[in-house]
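Structural features, examined
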Amino acid sequence: QVQLQESGGGLVQAGGSLRLSCAASGGTFSRYTMGWFRQAPGKEREFVAAITRSGGTTDYGDSVKGRFTISRDNAKNTVYLQMNGLKPEDTAVYSCAASGVVGFPTGAGQYAYWGQGTQVTVSS
């Protein structure tokens, strides 16, 4: 079983940047597709980004394309989310997740393991 722990959230002004990290333990990290999701109050959970097991290919939700970058370091069992050009509408709890599905699973139900999440707040 994989345990995931996010870090790096916080309060930032619009236009600023944050880098989220998600450290994995308890499993073979390189066997999992990794994803980031977010959920704002009163809204459904939203797919943000995913990265293949090797890290060679990535996919993004339409609302973050061109601003966010997902990456991973399999030697460190860690996945990252670099967020640039942040907007107030990016405010949410961001969670990382691990999936055994090959390719780009974008549905939350395709991810078996989840972190507890980290709050990102973007002020206008």
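Everything here concerns the structure above.
Residues numbered from 1 in each chain as written. Predicted model: local features only at pLDDT ≥ 70, side-chain atom pairs only at ≥ 80, totals over all residues. Heavy atoms only, no water.

Here we look at the overall build of the chain
So the rule is basically this: The helix count covers DSSP runs of H or I at least four residues long, the strand count covers runs of E at least two residues long, and both are numbered beginning at the N terminus. Taken over C-alpha atoms, the radius of gyration is set against a globule rule of 2.2 Å times the number of residues to the power 0.38. Note on classification: 1.4 Å probe, protein chains only; a residue is buried when its accessible area is under 20% of the maximum for its type, exposed when over 50%, partly exposed between these limits. Residue contacts follow a heavy-atom distance rule, with two residues in contact if any of their heavy atoms lie within 4.5 Å. Areas reported as accessible are Shrake-Rupley estimates using a 1.4 Å probe. Residue values count occlusion only from the protein chains shown. Neither His nor the chain termini are counted; the positive set is Lys and Arg, and the negative set is Asp and Glu. Think of each charge as sitting on NZ of Lys, CZ of Arg, CG of Asp or CD of Glu.
Tallying secondary structure elements over the chain gives 0 helices and 11 strands in all. Secondary structure of the chain in N-to-C order comes out as β-β-β-β-β-β-β-β-β-β-β. Over its C-alpha atoms the chain spans a radius of gyration of 13 Å, differing by no more than 12% from the 14 Å that the globule rule assigns to 124 residues. Each principal axis of the C-alpha atoms in the chain carries an extent, and together these give about 40 × 25 × 25 Å. When each of the 124 residues of the chain is scored for burial, the buried share is 42%. Looking at the chain alone, contacts between residues at least 24 apart form 59% of all its contacts between residues at least 6 apart. Within the structure as shown, the chain displays about 6,100 Å² of accessible surface, and the carbon and sulfur contribution to it stands at 45%. If you average the places of the 11 positive and of the 8 negative side-chain charges in the chain, the two averages end up 6 Å apart.

Re the nonpolar core
What counts here: Side-chain atoms within 4.5 Å are what join buried Ala, Val, Leu, Ile, Met, Phe, Trp, Tyr and Cys residues into a set we call a nonpolar core.
Core analysis: the largest hydrophobic core is formed by 29 residues, its most contacted members being Trp36, Val79, Leu81, Met83 and Tyr94. At the level of secondary structure, the elements contributing two or more residues to this core comprise strand E3 (18-25), strand E4 (33-39), strand E5 (46-51), strand E7 (68-73), strand E8 (78-83), strand E9 (92-99) and strand E11 (118-123). Residue contacts for tyrosine 94: discarding those within four places in its chain leaves Glu6, Leu20, Trp36, Phe37, Arg38, Val48, Phe68, Leu81, Met83, Gly117, Thr118 and Val120. Membership of the second largest hydrophobic core comes to 5 residues, among which are Phe37, Ala50, Ala97 and Tyr111.

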